[in-house]
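Chain and residue survey
These are the residues of each chain, in order.
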Amino acid sequence: MFKKILIANRGEIAVRVIKTCRKMGIKTVVVYSDADAGSLACEMADETVHIGPSPAAQSYLIQDKIVDAVKQTGAQAVHPGFGFLSENAGFARRLKAEGIAFIGPNPEAIDAMGDKITSKKFAAEAGVSTVPGHMGLIETPDEAVKIAREIGYPVMIKASAGGGGKGIRVAHSDDDMAEGFAAVKAEALNAFGDDRVFLEKFIVDPRHIEIQVLGDKHGNVIHLFERECSIQRRNQKVVEEAPSPLLDEATRAAMGAQAVALAKAVNYDSAGTVEFVAGQDKSFYFLEMNTRLQVEHPVTELITGVDLVEQMIRSAWGEQLAFKQDDLSINGWAIESRIYAEDPYRGFLPSIGRLVRYEQPEEGDQGDYTVRNDSGVREGDEISMFYDPMIAKLCAWGETRDAAVEGMARALEDTHLSGLGHNVPFLSAVMDQDRFKSGQLSTSYIKDEFPEGFRGLEPTEAQKDIFITVAAAMNEVLAEQAGDPSERTDWTVLIDREAHEVSLSYDEAEDLVISLDERDLTLSEIDWRPGLAQFKAVLDDEPFTAEVKRAPDGFDIRHRAAKARVRVLTPRAADMYQRLPEKVAADTSKLVLSPMPGLVVDIPVTVGQEVKSGETVAIIEAMKMQNILKAERDGVVKAIGAKAGDPVAADDVLVEFA
């Protein structure tokens, strides 16, 4: 077995590979850029090698630097993780020529399946059902429009070398196609160094289901069942689960058989994923094959008990698979939530900065569910603009799907982050929605359920009880700390402006009893003191965790996707608060503001220019994605606040209208 492996990656996946290597007794080397100096992966690795500046194009994507690091440290193999060089056949060949093992499939398989255009043709020749489309290269927007009309709208524009949700647009019209084609080519060239684009029919109301395959160098290939990845935003997976609530045994077997047949046809010899687009009627079509470890691999590991990173290492060493298809079965249900540094209340825009606080849920058996948290950052780390904004992959396993969903909701409750925007409230909202609980999913789920964007959810009656009891308990603790002699027990609790009369007392067990609307609520096992950001307790035998923060006139409390300003006041003070006028928001209707920190790619307007609603007025790049900002009204440009190449912060003024 290998004695030392170099990990040509960063963040969460580097940490993940290190954990398996430790288990196997293999030493690890991590390469790092300027931005990743002192990272968790660097801290955990046995050795580290600096490979250059922060941009990936100057560090993680430079093959010479990776090979030099291998030679410098005496590593015998390279694990590429996902992204970067993981699906680069030239890199795999380079390592082979240097006598270094590549922990991934052979370069011929990468060539056959890694390129989306080639893989579509290959799959069609192999008898795998494919989505209608145009697999040839397309050079101009006019040519793209002509082909799209022949296929029939809606049509997906996809970068041939794409991945991670980047380089994808859906066009519903000729105008969409012309604009989207240029944007995808630009994104593809920037992210992958390859601007080739192809088109395919967009399946209405589809589901995204993928099959995990595993092969060795002796011709053996098996599958480890499916994952459903239909909860996506901008073609980036957000919530994944295994197995899929759509599939029956017959469909599962058919998809698995196709995936294995395709893998065998290219002599696949590592972990890989065959992705399908599925209709609600269980019809399915080959989408692409990812010739690497997938981000969402933990849910497969949780339901099968197979360590996929270990199997990749063993395959690269030349071992045969230690199990056959009949040895595998599905045990329980697992869900993964991707926690991103992005602000769901601002259109999910990237949010970079320092992770000031990061409290993670306890891993392992929690009774009705099990928690796994794959993270590559620690409290105090910086979330950089140079890489993907993922903070962690939080997973929950349960014996049933309902148990896994509730387990995920509780694990999200126990996750606290501050210092930057994050999507934990949004993920919590998904777990609480009846549609998600029913398993009626599609790739348009987020757009369907949050058509106006995410604003949180209104608190349920049970959540209002949590808000009231938490605020009352914190008020009691603070009063006691301040030596308040009044010993008042009757209060008015305002949830925003909604008033609730409460009376407080203690029972024989010294638990706090809150009398509310002719009901007595008992709050026990309170775990909170001033300064803590999480309030943990049991309310009428139901454990919960709420995120809390003191405000000048009360408390800001969030439970899952619901949040509110909660005040504990005397009845007279409460009456006065309810009479205060609402604060009027500042008028920004004449301003185009940068929605995120990033770099200005272009401001294609000039002072004095007349602009129509819907016209592009600015293009901002952040987290490797281009964001096109359009005018929301007709107007004349009065001033321009930035130029191409300028760095901008969130809410910086880009364009002002007269």
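Residues numbered from 1 in each chain as written. Predicted model: local features only at pLDDT ≥ 70, side-chain atom pairs only at ≥ 80, totals over all residues. Heavy atoms only, no water.

Moving on: the overall build of the chain. A count of helices and strands for the chain gives 17 helices and 40 strands. Compactness check: the chain gives a C-alpha radius of gyration of 27 Å against a globular reference of 26 Å for 658 residues, within 12% of the reference. Taken along the three principal axes of its C-alpha coordinates, the chain extends 80 × 65 × 55 Å. The buried share of the chain, taken over its 658 residues, is 56%. Taking the intrachain contacts of the chain between residues at least 6 apart in sequence as the baseline, contacts between residues at least 24 apart amount to 64%. With an accessible surface of roughly 27,300 Å², the chain has 49% of that area assigned to carbon and sulfur atoms. Here the chain contributes 72 positively and 108 negatively charged side chains, and the mean placements of these two sets differ by 5 Å. (Helix = DSSP H or I, 4+ residues; strand = E, 2+ residues; numbered from the N terminus. Rg over C-alpha atoms; globule rule 2.2 N^0.38 Å. Buried < 20%, exposed > 50% of the residue type's maximum accessible area, 1.4 Å probe, protein only. Contact = heavy atoms within 4.5 Å. Areas by Shrake-Rupley, 256 points an atom, 1.4 Å probe, with all protein chains shown as cover. Lys, Arg positive; Asp, Glu negative; His and termini not counted. Charge placed at Lys NZ, Arg CZ, Asp CG, Glu CD.)

For the rest of this paragraph, the subject is the pairing of strand S27 (residues 512-516). Counting buried positions along S27 yields four of five residues, so the element is predominantly enclosed. Pairing of strand S26 (residues 498-506) with S27 involves five bridges; the strand directions are antiparallel. Pairing of Ser 505 across the sheet is with Val 513, part of S27. In terms of strand pairing, S27 meets strand S28 (residues 519-527) through five bridges, oriented antiparallel. When the bridges of S28 are listed, Val 513 appears paired with Thr 522. Hairpin geometry of S27 and S28 is characterised by an intervening segment of two residues between the two adjacent antiparallel strands and by a positive phi of about 50 degrees at Asp 517. (Pairing = 2+ DSSP bridges.)

Every α-helix carries 3.6 residues per turn, so stepping three or four residues along brings you back to the same face. Taking 1.5 Å as the rise per residue, helix H12 (residues 401-413) with 13 residues should run 18 Å; its terminal C-alpha atoms sit 18 Å apart, in good agreement. Among the 13 residues of H12, ten are classified as buried, and the element is accordingly described as predominantly covered. Residues Arg 401, Ala 404, Val 405, Gly 407, Met 408, Ala 409, Arg 410, Ala 411, Leu 412 and Glu 413 constitute the buried set of H12. (Expected span 1.5 Å × (residues − 1).)

This paragraph deals with the environment of Ala 161. One can find Ala 161 in strand S7 (residues 155-163). Along the sequence, Ala 161 and Leu 189 sit 28 residues apart, while their C-alpha atoms lie 9.3 Å from each other. Setting aside residues up to four positions removed in sequence, Ala 161 forms contacts with Lys 116, Phe 192 and Asp 194.

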